[in-house]
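Chain by chain, the residues:
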Amino acid sequence: MPFRYLEKRGEIFKDLPTPAYIIDEDALLANGEILKALREKTGCKILLAQKAFSNYAFYPLLSKYLDGTEASGLYEARLGKEEMGEHEVHVFCGAYREEEFDELLTYADHLVFNSPTQLTRFGARAKAQHKSIGLRINPEYSTQSAHAIYDPCAPGSRLGATFEVFSQMDEETFNLLDGLHFHTLCEQNSDDLVKTWQAFENRFSPYLHQLKWLNMGGGHHITRDDYDRETLERLITYIQETYDLQVYLEPGEAIALNAGYLITRVLDLVDNHDMKIAILDTSAACHMPDVIEMPYRPPLLQEASGYPYRLGSQTCLAGDIIGDYSFDHPLKIGEILVFGDMAIYTTCKNNTFNGMPLPAIYRLQGSDLSLWKNFTYEDFKSRL
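Remember, it's a predicted structure, so these values are computed and weren't measured experimentally.

Right, let's get into the overall build of the protein chain. Of regular secondary structure, the protein chain possesses 13 helices and 16 strands. Relative to its length of 384 residues, the protein chain is compact, with a C-alpha radius of gyration of 22 Å against a globular reference of 21 Å. By its C-alpha atoms, the protein chain is 70 × 45 × 40 Å across when sized along the principal axes. Surface accessibility of the protein chain: about 17,100 Å² in total, with carbon and sulfur atoms responsible for 49%. Here the protein chain carries 35 positive and 56 negative side-chain charges, and the mean point of each set is 2 Å from the other.

Moving on, we come to the sheet that holds strand β2 (residues 45-49). The eight strands lie next to each other as β2-β3-β4-β5-β6-β7-β8-β9, forming a closed barrel whose pairing is parallel. Averaged over neighbouring strand pairs, the angle between their axes works out to 25° when direction is ignored. In the sheet, β2 pairs with strand β3 (residues 68-71) via three bridges, with the strands oriented parallel. In the strand pairing of β3, L47 is matched with G68. Running over the sheet, helix α9 (residues 229-243) touches β8 (213-215) and β9 (246-249) and is turned about 145° from β9.

Here α9 contains 15 residues, and its C-alpha end-to-end distance of 21 Å stays within 8% of the 21 Å for a straight helix at 1.5 Å per residue. For α9, the secondary structure elements touched by its buried residues are α1 (25-42), α8 (190-208), β8 and β9. Between the side-chain oxygen of the N-cap and the backbone nitrogen of E230 there are 3.4 Å, and the N-cap of α9 in question is D228. Positive backbone phi, approximately 55°, marks D244, located one or two places after α9.

We now examine empty space enclosed by the protein. All chains considered together, the criterion is met by one cavity of 30 Å³ or more. In this structure, the largest cavity spans a volume of roughly 40 Å³. Lining the largest cavity, in full, are E70, H90, V91, F92, V112, H181, N215 and E250. Partitioning the lining of the largest cavity into residue classes produces three nonpolar, three polar and two charged.

With that settled, consider the environment of Y362. Among the structural elements, Y362 can be located in strand β15 (residues 360-365). Separated by 264 residues in sequence, Y362 and E98 place their C-alpha atoms 38 Å apart.

Further remarks concern the nonpolar core. Residues L177, L180, M216, L311 and F339 are the most contacted members of the largest nonpolar core, which totals 93 residues. Setting aside residues no more than four positions away along its own chain, L311 makes contact with A278, L280, L300, I321, I322, G323, Y325, F327, L331, L337 and F339.

A few words now on the layout of surface pockets. The volume enclosed by the largest pocket comes to roughly 790 Å³. Forming the walls of the largest pocket are 37 residues, and the residues nearest its centre are K51, Y150, L159, H183 and Y345. If you list the elements that add at least two residues to the lining of the largest pocket, you get α10 (253-256) and α12 (290-293). In terms of residue class, the lining of the largest pocket is made up of 15 nonpolar, eleven polar and eleven charged. In this model, the second largest pocket occupies a volume close to 520 Å³. As for the second largest pocket, its lining consists of 16 residues, and the residues nearest its centre are S54, Y56, T347, C348 and F375. Counting residues per element, the ones that place at least two in the lining of the second largest pocket are α3 (74-83) and β16 (368-373).

Further remarks concern the pattern of salt bridges. Following the criterion strictly, the structure yields 21 salt bridges and no others. We note a salt bridge from R125 to E98, for which the minimum N-O separation is 3.0 Å. You can see R125 sitting in helix α5 (residues 116-128) and its partner E98 sitting in helix α4 (residues 98-105), a full 27 residues away along the chain. One salt bridge connects D102 with R125, and the closest N-O pair in it is separated by 2.8 Å. Separated by 23 residues along the polypeptide, D102 in helix α4 and R125 in helix α5 bring together distant segments of the chain. One salt-bridge network, in which partners are shared between bridges, spans E98, D102, R121 and R125.

To continue, consider a nonpolar patch on the surface. A cluster of nonpolar side chains, namely I292, L317 and F353, defines an oily patch on the protein surface of about 240 Å² accessible area. Mapping F353 onto the fold places it in the loop between β14 (336-340) and β15.

On to the packing of α8 against α9, then. Packing of α8 against α9 leaves a shortest axis separation of 11 Å and a crossing angle of 10°. One element, α8, and the other, α9, form an angle in the roughly parallel class. Between α8 and α9, the residues in contact are S190, L193, V194, W197, E201, S205 and L208 and T231, L232, L235, Y238, I239 and Y243, respectively. Residues of the contact of α8 with α9, tallied by class, amount to nine nonpolar, three polar and one charged.

Calculation notes
- Residues numbered from 1 in each chain as written.
- Predicted model: local features only at pLDDT ≥ 70, side-chain atom pairs only at ≥ 80, totals over all residues.
- Heavy atoms only, no water.
- Helix = DSSP H or I, 4+ residues; strand = E, 2+ residues; numbered from the N terminus.
- Rg over C-alpha atoms; globule rule 2.2 N^0.38 Å.
- Areas by Shrake-Rupley, 256 points an atom, 1.4 Å probe, with all protein chains shown as cover.
- Lys, Arg positive; Asp, Glu negative; His and termini not counted.
- Charge placed at Lys NZ, Arg CZ, Asp CG, Glu CD.
- Pairing = 2+ DSSP bridges.
- Axes fitted to C-alpha atoms, helices over the stretch in contact; angles between N-to-C directions.
- Contact = heavy atoms within 4.5 Å.
- Expected span 1.5 Å × (residues − 1).
- Polar contact = N/O pair within 3.5 Å; in protein donor to acceptor, adjacent residues only side chain to side chain.
- 1 Å grid on protein atoms, 1.4 Å probe; cavity = no way out; pocket = protein on both sides within 12 Å on 5 of 7 lines; lining within 4 Å.
- Points joined across faces, edges and corners; volume = space filled by probe spheres on them.
- Nonpolar A, V, L, I, M, F, W, Y, C, P; charged D, E, K, R; others polar.
- Core = buried A, V, L, I, M, F, W, Y, C linked by side-chain atoms within 4.5 Å.
- Buried < 20%, exposed > 50% of the residue type's maximum accessible area, 1.4 Å probe, protein only.
- Salt bridge = Lys/Arg side-chain N within 4 Å of Asp/Glu carboxyl O.
- Patch = residues over 30% accessible without salt bridge, like charges linked within 9 Å, V, L, I, M, F, W, Y side chains within 5 Å.
- Parallel < 35°, antiparallel > 145°, perpendicular 65-115°, else oblique.

In structure tokens, the structure reads:
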């Protein structure tokens, strides 16, 4: 339900300069309450995966529902420390850089390594700074079919140590570890997590009693309406009671799911034989890159039946198409459209290809709309 919390407030967007992102606090709070309930029922800890949502203006609001942040490198770790610093800062990186590592240690509480090689190289230094140390595991059990690009268990994956690699570690290297980490899901339900856990447990259970924590990564759509939270609760309880481990989850999407909108205007209407095309002032390639990369078709508030249009951008990229939609009336130049679920993988992934301006970011609190961040030509130029 990407527009559940918008209700009739869509009219407040009519005079807004476009394109613009809107972050809806009501939706963030609703997601937060679901995650808080999970923490209280199970004792698990939940981290914000900043790769999906890193709008730090909302970190104080989210901090009461979360245990900290998860980072993919130095800059995200610093952001989590600065903006949610009273909470834990966890870091996983495919490979750490020597010239950044000492600074990273000033921000991170937990560091997860991608390979025994990196663990051997950096682990003792981190341990000497009283950091909690983990190793990412590849359970070699794939539950994905539609989004192979996001499958860390795909053949030849660069992410995580296989059991063969893990089992060859010497005792000294293993003794650096406080925990293990796996992340295999993408927008999935708890049944896929259970299957992944079973594959993981079959191989790694002999080692778990020697550790302090297990991080089961992200990709859990915990706040989605049809997500089976009872199964997740049972799994977490089983792991913690059986192995005396602290369980961590690090969702990104679930925290800001359906908590944002992208407002755009129709700039032009063109015809190509039987296809009617609306040219918008937003861009899939620039402002919602997962539409092309994943790919997927984002929800649209005005979608109805009757009048079909292809929605595309003003950029020169022929494939900069958002999707095909229908409306209950013929579109007009200047009309506002509202795309949903635009808080995640947008502001943290957007770009200025073709010199496209970055959309401003607005904060929606109830019916109050306030500008958080505006972007100008200098933001485009400074990146070059």
